[in-house]
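# Coordinate inspection notes
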Amino acid sequence: MRQSLTVHIPQNQDVSYSLYALGSKIAVPTLSDDQSEYIFKFTVGTPVVLFYTFQNIKRTYVVTGWQDERDGEPVTLPGVDGKLCLIASFKGYRIHLIDELPVLPTPSKNFLLL
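Thresholds applied
Residues numbered from 1 in each chain as written. Predicted model: local features only at pLDDT ≥ 70, side-chain atom pairs only at ≥ 80, totals over all residues. Heavy atoms only, no water. Buried < 20%, exposed > 50% of the residue type's maximum accessible area, 1.4 Å probe, protein only. Helix = DSSP H or I, 4+ residues; strand = E, 2+ residues; numbered from the N terminus. Pairing = 2+ DSSP bridges. Contact = heavy atoms within 4.5 Å. Phe/Tyr/Trp six-rings, centres within 6.5 Å; stacked < 30°, edge-to-face > 60°.

Bringing the pairing of strand E5 (residues 48-54) into the picture now. Among the seven residues that make up E5, five are buried, leaving the element largely enclosed by the rest of the structure. With seven bridges connecting them, E5 and strand E6 (residues 57-65) associate as antiparallel partners. Residue pairing in the sheet places Thr 53 in a bridge with Lys 58 of E6. Linking E5 to E6, which pair antiparallel, is a turn of two residues; within it Gln 55 sits at a positive phi near 40°.

Set out below in C-alpha cells:
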C-alpha cells in the first residue's frame, strides 16, 4: 500500500532550507506543540509538489509516498516523513516555468515561510 505523506514546514531560522508544499491535503495544517513547524498531511497516492530553497539553490520535487520496488529506489527529503517515490525534479530556471502554470499558485504569493 502506498504511504501517505506528512510534511513538516519549519517556522524558525535554525534550518538550512525553506519549504513550500502543494497538494491534496487530508486536513487543515496544524502547528506543532512547540510552535516550531507546521504539519501538513496529504492524501494517500496523490502527487505532492515540494518547493525547496537551500541558501542560493532552488529545487522542486514532485513526489508520492513510496509503495514497493516497482516505484524504483525510494528517496528521502528534508522535512518529509517516510520514503518517497520521485516522479520529477527541477532546478533553477525550470522552477520559474512551473510557477507560471495556471493550475499551481506561485510560491511567492502563497509561501507559508520566508
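The subject of this paragraph is the sheet that holds strand E4 (residues 37-42). If you trace the three strands from one edge of the open sheet to the other, you get E1-E4-E3, paired in antiparallel fashion. Two strands bound the open sheet, and with one partner strand each, they are strand E1 (5-10) and strand E3 (30-31). Bridge count for E3 against E4 is two bridges, and the pairing is antiparallel. Counted as the bridge partner of Leu 31 is Tyr 38 from E4.

Structurally, Ala 21 can be placed in strand E2 (residues 17-22). Looking at Ala 21, the relative accessible area reads 6%, which means it is buried. Sequence-wise, Ala 21 and Ile 9 are 12 residues apart; in three dimensions their C-alpha atoms are separated by 8.2 Å. Sequence-distant contacts of Ala 21, defined by excluding residues within four places in its chain, comprise Val 7, Ile 9, Phe 42, Val 49 and Leu 50.

Let us look at the packing of aromatic side chains. Across all of its chains, the model carries six aromatic pairs by this definition. For the pair Tyr 20 and Phe 51, a centre-to-centre distance of 5.6 Å together with 45° between the ring planes defines the contact as tilted. Of this pair, Tyr 20 sits in strand E2 while Phe 51 is found in strand E5, placing the two residues 31 residues apart along the sequence. You can call Tyr 20 buried: its relative accessible area is 7%.

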